[in-house]
2 protein chains.
Amino acid sequence: MVMVVAYLGGGFRGFAAQPGQRTVAGALTGALERHLRHAVDLTCAGRTDAGVHAWGQVVSFDARADAVPAAMARAVNRALRPAVVARAAGVAPPVFDARRSATGRRYLYTVVNRPVPDPFTAATAWQVASPLDVRAMQLACDPLYGEHDFASFCRRGPGSRVRRVRHAEWTTLAGGLLRFEIEASSFCQQMVRSIVGTMVEVGAGRRKAGSMAGILAAGDRSAAGAPAPPHGLCLWEVSYPAGSGVPEPADTFEGSGVAFQ
Amino acid sequence: MVMVVAYLGGGFRGFAAQPGQRTVAGALTGALERHLRHAVDLTCAGRTDAGVHAWGQVVSFDARADAVPAAMARAVNRALRPAVVARAAGVAPPVFDARRSATGRRYLYTVVNRPVPDPFTAATAWQVASPLDVRAMQLACDPLYGEHDFASFCRRGPGSRVRRVRHAEWTTLAGGLLRFEIEASSFCQQMVRSIVGTMVEVGAGRRKAGSMAGILAAGDRSAAGAPAPPHGLCLWEVSYPAGSGVPEPADTFEGSGVAFQ
C-alpha cells in the first residue's frame, strides 16, 4: 500500500516513531493498525525532523490482501484530522518502497519578512524582523546546483553527504512572504534548514552572496550558518518513476493546483 | 490610546472578558496592566465570538500620560505573541472610542471547498466537502446590499437589527479556497456566520439563490440556515473617519498589502 500524507509538524516529535513520544509515524501506525487489525511497518520518503511539516509525504506498508485503499484513508482521517491527513491511498506493486523508489524530494521553506509578528503565519513560517535582500539570497542559490558534498550544511555522522540539487529558488509572495524551493535527489539531515539559515544571513547582510561557494567547498559544518527553525519547513512533494503506483491526490473538485496556505 | 490587534481565535473564549475564561480582552488587559502599572478598561470595535479571528481589531483605552505607544505594543507582543499581536499603537484624541467612532467593519469568511481535509487551512477555514456553486452564492449576495432588518440572520435579543451592508462578495482563490467579504456599518451577533451558513446551503443546491430575498424579508431566525462555524471568520478591518488617530500598521518593509494566509 502507498499513501500520500499531509501534516502540521508542530504537535509531533518528528516523523520517525520513538517510544513514549508523539510522532507522525506513531499516530499513523496506530490508526492503520486499528483499521487493519494487524501490525503495520511504515516506510516514509523523508524522515522529517521535529516541527517540520509535510504536504506530500509518501509512506508505504504491507496490508492484508482485502484492504481497501480509500477506506484506509478515511480511517486515518477520522482518527487524526486535521493534524494528519491522508490525501490519497492506493495499491503499490510489491517492489515499491516509499524511500528507495523515490527519485527526488522537493521542500519549501517560508520566511515572513515583517517587522511585526503575525498570528496567521506563525505556525508555518519563520518571522525575520529585519529587511532581507532577496536578490542576494537568490544569487547565493547558484553554487548549490549540481552534485556536491553538502557536509557543510548537514549534521555530522556516518554516510555520504553527496547530493544532487536540481533546483533552488527564492520567490517573493505578497505581504512580506518569501518562499524557498529546493529539489534534490535526496537530502541529508538539517540540509534545507542549514542552507536557509545561511542564506538569511546573506539576505541580512551578515555574509556575502559570493561566500556560498566557499562554504560549500569547505566541507565543514562550522563554515555555514545555524539552521533555520523547523516550523518554516515543509516536505512538499516526492517524485517517483512513472508507473510506481503512487496515487495522484484529488485535492480540489476542479482538479486545479493546490496552494500551500 | 488606540491599538490595532490581530489574533487567532482558536485558543480564546471570544474577545469580551469573562471571569475564569481565557479571552482576548483578558489577555490584552493583563499584558497592558503589567506594563502600565494601572488598571486598563478596553473598548473594542467588534466583540468577536469564541473561535473567531481578527486581523484588524481596534481597541481603545486610557493610559497614563507618559505611556509610549510603541513600548506598549512591544510589551503586548512580548507577552502574547504569536496568538495575539499588536500591529500598531498610537495616541488617540480623548473623544475617540474604538466602538462608537467606527463607521464600518469588514469581515472575511474563508471556506475550503475540497473533498479531503487540509491541515494547513484547518484552523482558519471551514472545510466543505461537497462541491459548491460559487456563482449561485454570488447571486445570493445581491439582496443583502443596502439597509435592512437582518433579524433572520441574527441571534434573538433586545435592540434593533437594522444594518447597512455596503459590500458582499464571494471570490474564488487557488486550491479550492473561497473567500466571502462583507462590509457594513456594523453587524449584529452571528450575522456573518448565519449569512455564510445560508449561502453555503445555496452553493450546495439545498436552497435556491433566489430564496435569499425572502429569507431576509421574513425577519425570522428560523428562515435562515445554521451559522457557519466560527473558525472560518475573521474581523479584517475597521474604518474610522479621517483624523481619528488610528495608526496605520506597517506590516511589511515595502509597505505593500498584507495577504491573509
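Our structure's up above, just so we're on the same page.
The model shown is predicted, which means the values in this text are computed figures rather than measured ones.

A word on the relation of the copies chain A and chain B
Here chain A sits on chain B after a turn of 180° about the axis and a move of 0.0 Å along it, with an RMSD of 0.0 Å. In symmetry terms, the pair is related by a two-fold rotation axis.

Focus on the packing of aromatic side chains
The full count for this structure, using the stated rule, is 14 aromatic pairs over all chains. Ring centres 5.1 Å apart and planes at 55° place the aromatic pair phenylalanine 96 of chain A and tyrosine 240 of chain A in the tilted group. With phenylalanine 96 of chain A in the loop between β4 (84-90) and β5 (104-112) and tyrosine 240 of chain A in the segment after β10 (233-239), this pair connects stretches of sequence that are 144 residues apart. Pair check on accessibility: phenylalanine 96 of chain A and tyrosine 240 of chain A agree, each one buried. Taken together, the ring pairs connect Trp55 and Trp236 of chain A together with Phe120 of chain B into an aromatic cluster.

As for the state of the cysteines
Residues and elements named next belong to chain B. Across all of its chains, the model carries 2 disulfides over all chains by this definition. In this model, cysteine 154 is linked to cysteine 188 through a disulfide, with the two sulfur atoms separated by 2.0 Å. The sign of the 45° torsion about the S-S bond sets the cysteine 154-cysteine 188 disulfide as right-handed. Within this pair, whereas cysteine 154 is found in the loop between β7 (146-149) and β8 (162-172), its partner cysteine 188 is found in the loop between β9 (177-184) and α4 (191-203), the two being separated by 34 residues in sequence. Both residues of the pair, cysteine 154 and cysteine 188, belong to the buried class.

Description of the pattern of salt bridges
All told, the structure shown has 20 salt bridges over all chains when counted by the stated rule. Across the pair arginine 193 of chain A and aspartate 49 of chain A runs a salt bridge, and its minimum N-O distance is 3.7 Å. Within this pair, whereas arginine 193 of chain A is found in helix α4 (residues 191-203), its partner aspartate 49 of chain A is found in the loop between β2 (43-44) and β3 (53-60), the two being separated by 144 residues in sequence. Taking the relative accessible area as the measure of exposure, arginine 193 of chain A reaches 11% and is therefore buried. The partner of arginine 156 of chain B in a salt bridge is aspartate 220 of chain B, with the nearest N and O atoms 3.8 Å apart. Here aspartate 220 of chain B lies in the loop between α5 (212-218) and β10 (233-239) and arginine 156 of chain B lies in the loop between β7 and β8, a separation of 64 residues in the sequence. Among the charged side chains, a salt-bridge network with shared partners connects Arg106, Glu181 and Glu237 of chain A.

Topic: the environment of aspartate 62 of chain A
Residues and elements named next belong to chain A. Examined against the element boundaries, aspartate 62 turns out to sit in the loop between β3 and α2 (69-80). A residue is classified by how much of its surface remains accessible, and aspartate 62, at 68% relative accessible area, is exposed. Between the C-alpha atoms of aspartate 62 and valine 91, which are 29 residues apart in sequence, the distance is 9.6 Å.

Thresholds, definitions, all that
Counting of residues starts from 1 at the beginning of each chain's written sequence and follows it residue by residue. Chain letters and ligand numbers both follow the written order, the letters beginning at A and the numbers at 1. Given that this is a predicted model, residues contribute local features only at a pLDDT of at least 70 and side-chain atom pairs are listed and counted only at 80 or more, while totals for whole chains, interfaces and linings are drawn from all residues. With hydrogens and water stripped out, all remaining heavy atoms of the structure feed into the side-chain values. The atoms used to superpose the copies are C-alpha atoms, taken from residues with pLDDT of at least 70 in both, and the fit is least squares. Two aromatic rings from Phe, Tyr or Trp, using only the six-membered ring of Trp, form a pair when their centres are within 6.5 Å; if the ring planes differ by under 30 degrees the pair is stacked, by over 60 it is edge-to-face, and anything between is tilted. By definition, any uninterrupted DSSP run of H or I lasting at least four residues is a helix, any uninterrupted run of E lasting at least two residues is a strand, and each is numbered from the N terminus. Each residue is assigned to one of three classes by its accessible area relative to the maximum for its type, calculated with a 1.4 Å probe on protein chains only: buried under 20%, partly exposed between the two thresholds, exposed over 50%. Any two cysteine sulfur atoms within 2.5 Å of one another count as a disulfide. Salt bridges are counted wherever a side-chain nitrogen of Lys or Arg sits within 4 Å of a carboxyl oxygen of Asp or Glu.

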